[in-house]
Amino acid sequence: MDFNMKKLASDAGIFFTRAVQFTEEKFGQAEKTELDAHFETLLARADSTKNWTERILRQTEVLLQPNPSARVEEFLYEKLDRKVPSRVTNGELLAQYMAEAASELGATTPYGKTLLKVSEAEKRLGAAERDFIHTASVSFLTPLRNFLEGDWKTISKERRLLQNRRLDLDACKARLKKAKAAEAKATLWNDEVDKAEQELRVAQTEFDRQAEVTRLLLEGISSTHVNHLRCLHEFVKSQTTYYAQCYRHMLDLQKQLGRFPGTFVGTTEPASPPLSTTSPTTAAATMPVVPTVAGLAAPGEAALCLEEVAPPASGTRKARVLYDYEAADSSELALLADELITVYSLPGMDPDWLIGERGNKKGKVPVTYLELLS
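Residues numbered from 1 in each chain as written. Predicted model: local features only at pLDDT ≥ 70, side-chain atom pairs only at ≥ 80, totals over all residues. Heavy atoms only, no water.

Visitor: Go over the overall build of the protein chain with me, naming the residues and quoting the values.
Guide: Along the backbone of the protein chain there are eight helices and five strands. Helices and strands in the protein chain line up, N terminus first, as α-α-α-α-α-α-α-α-β-β-β-β-β. Within the span of the protein chain, comprising 374 residues, buried residues form 34% of the whole. The contacts of the protein chain with a sequence gap of at least 6 include a subset with a gap of at least 24, amounting to 70%. (Helix = DSSP H or I, 4+ residues; strand = E, 2+ residues; numbered from the N terminus. Buried < 20%, exposed > 50% of the residue type's maximum accessible area, 1.4 Å probe, protein only. Contact = heavy atoms within 4.5 Å.)

Visitor: Kindly report on the pattern of salt bridges, identifying the contributing residues and their values.
Guide: All told, the structure shown has 14 salt bridges when counted by the stated rule. Taking the shortest distance from any N to any O, the salt bridge between Glu61 and Arg58 comes out at 3.6 Å. Here Glu61 pairs with Arg58, and both are found in helix α2 (residues 37-64), just three residues apart, close to one helical turn. On the basis of relative accessibility, which here comes to 18%, the residue Glu61 falls in the buried class. A relative accessible area of 45% places Arg58 in the partly exposed class. What emerges from the salt-bridge pattern is a single network uniting Arg58, Glu61 and Arg145. (Salt bridge = Lys/Arg side-chain N within 4 Å of Asp/Glu carboxyl O.)

Visitor: Please give an account of the pairing of strand β2 (residues 340-344) that cites residues and values.
Guide: Burial of β2 is extensive: four of the five residues sit out of reach of the surface. Of the strand pairs in this sheet, strand β1 (residues 317-321) and β2 are connected by four bridges, and their pairing is antiparallel. Within the sheet, the bridge partner assigned to Arg320 lies in β2 and is Leu340. Where β2 lies against strand β3 (residues 353-358), three bridges are found, and the strand directions are antiparallel. Bridged to Tyr344 within β3 is Ile355. (Pairing = 2+ DSSP bridges.)

Visitor: Account for the nonpolar core, naming residues and giving values.
Guide: If you look at the biggest cluster of nonpolar residues, it comprises 34 residues, and the most contacted ones within it are Phe39, Phe132, Phe140 and Leu218. Where this core is concerned, the elements lending two or more residues are α2, α5 (110-184), α6 (190-219) and α7 (221-258). Take this core: its biggest share by element is 16 residues, from α5. Contact partners of Phe39, with chain neighbours within four places excluded, come to Leu162, Ala211, Thr214, Arg215 and Leu218. By size, the runner-up hydrophobic cluster in this structure holds 22 residues, among which are Leu251, Ala319, Leu335 and Met349. (Core = buried A, V, L, I, M, F, W, Y, C linked by side-chain atoms within 4.5 Å.)

Visitor: Describe the side chain of Thr214, listing the residues and the values that go with them.
Guide: Following the sequence through the fold, Thr214 ends up in helix α6. In this view, Thr214 contacts Phe39, Glu158, Arg159 and Leu162; residues no more than four positions away in its chain are not counted.

Visitor: Lay out the packing of α2 against α7 in plain terms, naming residues and giving numbers.
Guide: Relative orientation of the contacting elements α2 and α7 amounts to 20°, with a least axis distance of 12 Å. When the axes of α2 and α7 are compared, the pair comes out roughly parallel. Where α2 crosses over α7, the two elements pack in a sense that is left-handed. Taking contact as the criterion, the partners of Arg45, Ala46, Thr49, Thr53, Thr60 and Leu63 in α2 are, on α7, Ile221, Ser222, His225, His228, Phe235 and Gln239. A class-by-class count of the residues in the contact of α2 with α7 yields four nonpolar, seven polar and one charged. (Axes fitted to C-alpha atoms, helices over the stretch in contact; angles between N-to-C directions. Parallel < 35°, antiparallel > 145°, perpendicular 65-115°, else oblique. Left-handed = near helix turned anticlockwise from the far one by under 90°. Nonpolar A, V, L, I, M, F, W, Y, C, P; charged D, E, K, R; others polar.)

Visitor: Lay out the sheet that holds β1 with the relevant residues and their values.
Guide: Read from one edge of the open sheet, five strands run β4-β3-β2-β1-β5, paired in antiparallel fashion. One side of each edge strand has no neighbouring strand; the edge strands of this open sheet are β4 (361-366) and β5 (370-372). Strand-to-strand, the axes of this sheet are offset by a mean angle of 40°, without reference to chain direction.

Visitor: Requested: an account of helix α4 (residues 90-105), with residues and values cited.
Guide: Spanning 16 residues, α4 covers 22 Å between terminal C-alpha atoms, matching the ideal 22 Å at 1.5 Å per step. Looking one or two residues beyond α4, the residue adopting positive phi is Gly106, at roughly 120°. (Expected span 1.5 Å × (residues − 1).)

Visitor: For α2, give the residues involved together with the corresponding values.
Guide: The end-to-end C-alpha distance of α2 is 40 Å, a good match for the 40 Å that 28 residues give at a rise of 1.5 Å each. Every buried residue belonging to α2 is among Phe39, Leu42, Leu43, Ala46, Thr49, Lys50, Thr53, Leu57, Thr60, Glu61 and Leu64, and all of these are buried. Among the residues of α2, the N-terminal cap falls to Asp36, whose side-chain oxygen and the backbone nitrogen of His38 are separated by 3.1 Å. (Polar contact = N/O pair within 3.5 Å; in protein donor to acceptor, adjacent residues only side chain to side chain.)

Visitor: If you had to explain the pairing of β4 to someone new, which residues and values would you point to?
Guide: Bridge count for β3 against β4 is six bridges, and the pairing is antiparallel. Note on β4: the bridge partner recorded for Ile355 is Lys364. Once β3 ends, the chain turns through two residues before running back antiparallel as β4, passing Gly359 with a positive phi of about 65°.

Visitor: Please provide a residue-by-residue account of the packing of aromatic side chains, values included.
Guide: All chains considered together, the criterion is met by nine aromatic pairs. Geometrically, the ring pair formed by Tyr325 and Trp353 is edge-to-face, given 6.4 Å between the ring centres and 75° between the ring planes. Taken together, the positions of Tyr325 in the loop between β1 and β2 and Trp353 in strand β3 put the pair 28 residues apart, joining distant regions of the chain. There is no split in this pair, since Tyr325 and Trp353 are both buried. (Phe/Tyr/Trp six-rings, centres within 6.5 Å; stacked < 30°, edge-to-face > 60°.)

Visitor: Just give me the short version of the confidence of the model for the protein chain, but keep the residues and values in it.
Guide: In the predicted model, the protein chain carries a mean pLDDT of 80, and the fraction of residues at 70 or more is 76%. Mean pLDDT per element in the protein chain: helix α8 (residues 280-285) is the minimum at 42, and α2 is the maximum at 95. Low pLDDT, under 50, characterises residues 260-303; the predicted model gives this stretch 68 contacts beyond four residues in sequence or across chains. (pLDDT = per-residue confidence, 0-100.)

Visitor: Residues and numbers for a nonpolar patch on the surface, please.
Guide: A surface patch of nonpolar side chains, amounting to about 290 Å² of accessible area, comprises Val72, Phe75 and Leu76. Relative to the helices and strands, Leu76 is located in helix α3 (residues 68-79). (Patch = residues over 30% accessible without salt bridge, like charges linked within 9 Å, V, L, I, M, F, W, Y side chains within 5 Å. Areas by Shrake-Rupley, 256 points an atom, 1.4 Å probe, with all protein chains shown as cover.)

Listed below in structure tokens is the structure:
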């Protein structure tokens, strides 16, 4: 009991001494041991790393989960070390609504069939989003959190110890200075000066040892940057995979809707190809057209009579194929990526399609798979 009381009294005395030293430094009434320029640079870089890691982490969490309530729920589950319950993505929920709407409005009607096709695409998009969120969380968010909750806490602890050692050192310097001043006035015995010098040597040793420990941890921030760089590459890779999946799903859906008979074919604005700086659809819309050719039916109403279709006297263009395309029927022309074909537009055609020719073969080709050449 007596030992505990003495320890508490000693701790209180040390805390009071440090508080006095810190206050006197703030008011310029006491000298302060300054760290070298390299050490200060390490401290500044560490603080900057911590601050930006926090901001990037929080914004990535917002990107992956825009719903703040859901983020709070996931945070609580994580702190309780419990598995976060599976949550339906917005795309999957939209797919569910569309499927239910098709069932109620008539799955065999043009609108119902289209709803079902879009529903399947949205379902695949939702699944891709789920995979992306999981991958990004494991490969990017978790390492950032581990740094903030692990390495940074260790660095902060050692920095606080270093601050205490510095305050103790400067307090010893102040006591020695006072002891020497009193000795000069012959009001203090030599052993008091010797005691102050001994305390200063001990404080200096502890400060130097703690400074070295803290320096090593701060220099380890370079390894942290390397690790975060690797995680950043993983994040970009997962995001690229996600958007590539979304693009493929939507291209597939566009192919299905492009050859699906519907009342509104040709009345919507043409879609722009995402990987080309030139808008093939816009270019196609400005291509010269020839008078109506006999046997050419409106898109979606009847098969194109390719034997009766001739290229216009002027207005044909060369186009480079961007992606492989498998013909859905005999009216379409199968395409191979990077090949060159001749294309032209005819009146009454869906603006998302052109007539393509390669050798003695011809057929409809989707504009979004082409890069029109000048």
